[in-house]
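Here is how the chains run, residue by residue.
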Amino acid sequence: MTLEDSQYKKSLTKEILKIGVPSFLETLFTTFVSVIDSKMVSALGVTAISAVSVTNQPRLFVYSIFFAMNTVTTSLVAKYHGKGDQETANRVFDHTIKIIVVLSIVLGLLAAALARPIMILFSGQADTLEASITYFRIVMAGMIFNLVFLEVNAALRGFGKTNLTFIDNVLACAVNILFNWLLIMGHWGFPALGIAGAAFATVLGNAAAFVLSIVFVCSRKLFINIPYCISKRFHMTKESLREITAQTKSCAVDNLAMRATLLVISGITARIGSFQMAIYSIGNYLLNVNFALGTGLQTSSVTLIGRSYGEGVYDRLKAYRRQIIKIGMLGAAVLAVLFISCGGLFFRFFSDDPAFVRTGHLSCIFIGVIAIFQTLKFCNNGALQGVGKMKEVAFCSIVAYSCVNLGLVALLVLVFHWGIWGVWTGTLCSQASQALMLRYFISKTPVFRRDASLPESDPES
C-alpha cells in the first residue's frame, strides 16, 4: 500500500466515522434507555417486562410505512445534496412531513381505539394482557411526536447532520428516564402509575425530541429547513410525489413484510411463556447494541454512497463501501466476543434466578453469531439504498423474514417444541440469508463493479 493509498483510506474512514459514530451512539443510547426502562419496569415483576415487550412488534408494524418513508427521505436527500439541488431535496422533505403528520394522527388514534383486540390477538398470556393494552394504547395515541421527529432526523442524516440527530435522541432518552422514575413507582409527589407511567414517559420523551427537531430545521443555515419550504410554497402533485412514492412502495412492502413476520413470531414467542418471552426481550437488547453499530454504518453508507452517486464519482463510492465493510466486520467481531463471554452478567442484571441467567447465557452464543451477519446485512443494505435499489432490498427482506425466519420459527417452535432455541435459530438463519442475498445484488449492480465509470440510468426510471 502506498502512502497516498493509506492517506486516502484514512480520509474515507474519517468521513465514515464522522457520520456513523453519532448515529451509532444515538441508537446505542436509545438501547441503553430501553434497558433502564425495562429495569425500572422489572420492579413490577418479570411479567411486566413481558407485557411491555409484547407491544413492540404491533407498534413497529404500524410504524412500518413511516420507517420506509424515513429511509427514502435519507436516500433522496443524500442524492440531491450530492447534486447541489436544494429545492428538490426540500420538496421531498416538505411532502413527506405533511404525509406523516396526517397518517400518524389517523393511524395512531385507530390503533389506540383497537388496543384491546390487537393485544388479545398477539399477547397470548392472560397475566400480561391488561398491562399490555394500557401501554399500547397510550404510546400509539401519542405516536405523532415520535414519527415527526424521526422523519426530521432522517432528512438531517441525508446531508450528514448526525450530530444533531444524536442530540435529539439524547434529549428524548433523558426525558424518558426522568419520567420513568417519577411515574412508574411514584416519586416527588407524582402518582405511581406503573405500566401506564412507563408509557407516558415514552410519549413525553418523544414530545421533547419533536420540539427540538423542529427547532433544528427552523435554521435557514441548514440544507434542509422549514423557512425554505415555506418560501417556496411547495404543493403536492402527482409529478412531485412520483419519485417518493416509487421508492417508498418497495421499501414499505419490505418493512411491512418484515414487521408482519416479526409480529407473528412475537405472538408465537409469547405463547411459550412469560419466562422465555422475557429472555427473548432482554436478548434483543444485546442485539440492539449490534443493531446500533449496523445502523451507524448503514447511515454512513446511505449518506456517503448516495452523495457520491449523485456526484457521479463511482471510484469513491466503491471505496466507501469497502471501508464500511471492514469497519463493520471488525466491530461485529468485537461485540460477538463480548456477548458470548459476558452475556450472562447482563441477564443477571434483571434477575438472580439461576435458570433465567443460565438460559440467557446460552442465548448469547446465538446472539454473538447473529451479530456478525446482522452487521454485514446493514452494510449491504445501506450500499443498495444509497443508489436507490429499494426493490432489491425489499426482495431480500421479504424472503429472509417471511420465508426463512417465519418458516423456521413456526417449524421449530410449534412442531418440534424447541422453545426459545427455535426462535434464535430462525433469527440466525434469516440474518445470514439476507446478508448473502444483498451481497449477490451488489455484485449485479453496475455502479459497484470494478469497471463502473459512467453513470447508470435512474434506478426508478
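This write-up is about the structure you can find in this document. (Residues numbered from 1 in each chain as written. Predicted model: local features only at pLDDT ≥ 70, side-chain atom pairs only at ≥ 80, totals over all residues. Heavy atoms only, no water.)

Turning next to the overall build of the protein chain. For the protein chain, the count of helices and strands is 16 helices and 0 strands. The C-alpha atoms of the protein chain give 22 Å as radius of gyration, which agrees with the globular expectation for 461 residues (23 Å, within 12%). A principal-axis box enclosing the C-alpha atoms of the protein chain has dimensions of 60 × 50 × 40 Å. When the 461 residues of the protein chain are sorted by exposure, 57% land in the buried category. (Helix = DSSP H or I, 4+ residues; strand = E, 2+ residues; numbered from the N terminus. Rg over C-alpha atoms; globule rule 2.2 N^0.38 Å. Buried < 20%, exposed > 50% of the residue type's maximum accessible area, 1.4 Å probe, protein only.)

This part takes up the pattern of salt bridges. Note on pairing: side chains with opposite charge can pair once their charged atoms come close. Tallied over the entire structure, the rule returns 6 salt bridges. The closest approach of N and O atoms between Glu-87 and Arg-91, which form a salt bridge, is 3.2 Å. Within this pair, Glu-87 and its partner Arg-91 are both found in helix H4 (residues 86-113), separated by 4 residues, close to a single helical turn. A relative accessible area of 23% places Arg-91 in the partly exposed class. (Salt bridge = Lys/Arg side-chain N within 4 Å of Asp/Glu carboxyl O.)

This next bit is on the packing of helix H3 (residues 56-83) against helix H7 (residues 143-158). For any two helices packed against each other, the geometry comes down to the angle between their axes and how far apart the axes lie. Relative to each other, H3 and H7 sit at 20°, their axes nearing to 7 Å. Classed by the angle they form, the pair H3 and H7 counts as roughly parallel. The two elements H3 and H7 cross, and the hand of that crossing is right-handed. Of H7, the residues touching H3 (which contributes Val-62, Tyr-63, Phe-66, Phe-67, Met-69, Asn-70, Thr-73, Thr-74, Val-77, Ala-78 and His-81) are Met-143, Asn-146, Leu-147, Leu-150, Glu-151, Ala-154, Ala-155, Arg-157 and Gly-158. Split into classes, the residues belonging to the contact of H3 with H7 amount to 12 nonpolar, 6 polar and 2 charged. (Axes fitted to C-alpha atoms, helices over the stretch in contact; angles between N-to-C directions. Parallel < 35°, antiparallel > 145°, perpendicular 65-115°, else oblique. Left-handed = near helix turned anticlockwise from the far one by under 90°. Contact = heavy atoms within 4.5 Å. Nonpolar A, V, L, I, M, F, W, Y, C, P; charged D, E, K, R; others polar.)

Another point: the nonpolar core. Judged by nonpolar contacts, the single largest core of 60 residues is most densely connected at Leu-317 and Phe-448. Contributions of two or more residues to this core are made by helix H1 (3-42), helix H11 (238-270), helix H12 (274-311), helix H13 (314-348), helix H14 (354-386), helix H15 (390-415) and helix H16 (420-443). Per-element tally for this core: the top contributor is H12, with 14 residues. If we skip the residues at most four places from it in the chain, Leu-317 touches Ile-305, Ser-308, Tyr-309, Val-387, Val-447 and Phe-448. (Core = buried A, V, L, I, M, F, W, Y, C linked by side-chain atoms within 4.5 Å.)

Before going further, it helps to spend a moment on the packing of aromatic side chains. Geometry of an aromatic ring pair is reported as the spacing of the ring centres plus the angle between the planes. For the coordinates displayed, the defined rule picks out 12 aromatic pairs. Taking 5.4 Å as the distance between ring centres and 45° as the angle between the ring planes, the aromatic pair formed by Tyr-280 and Trp-424 counts as tilted. Of this pair, Tyr-280 sits in helix H12 while Trp-424 sits in helix H16, placing them 144 residues apart in sequence. Between Tyr-440 and Phe-441 the ring centres are 5.6 Å apart and the planes differ by 70°, which places this aromatic pair in the edge-to-face class. By the ring-pair criterion, three or more aromatic residues cluster together here, those being Phe-346, Phe-347 and Phe-356. Its end group placed over the ring of Phe-378, Lys-377 keeps NZ or CZ at 4.6 Å from the ring centre. (Phe/Tyr/Trp six-rings, centres within 6.5 Å; stacked < 30°, edge-to-face > 60°. Lys NZ or Arg CZ within 6 Å of the ring centre and 35° of its normal.)

Right, let's talk about the packing of H7 against helix H9 (residues 195-216) for a bit. At a minimum axis separation of 8 Å, H7 and H9 run at an interaxial angle of 40°. Between H7 and H9, the angle is such that the two are oblique. The crossing of H7 and H9 is left-handed. For the pair H7 and H9, contact is made by Phe-145, Asn-146, Val-148, Phe-149, Val-152, Asn-153 and Leu-156 and by Val-203, Asn-206, Ala-207, Ala-209, Phe-210, Ser-213, Ile-214 and Phe-216, respectively. Looking at the contact of H7 with H9 residue by residue, the classes come out as 11 nonpolar, 4 polar and no charged.

Another point: a nonpolar patch on the surface. On the surface, Leu-411, Leu-414, Val-415, Phe-416 and Trp-418 cluster together into a nonpolar patch covering about 510 Å² of accessible area. Positionally, Leu-411 belongs in helix H15. With a relative accessible area of 38%, Leu-411 lands in the partly exposed category. (Patch = residues over 30% accessible without salt bridge, like charges linked within 9 Å, V, L, I, M, F, W, Y side chains within 5 Å. Areas by Shrake-Rupley, 256 points an atom, 1.4 Å probe, with all protein chains shown as cover.)

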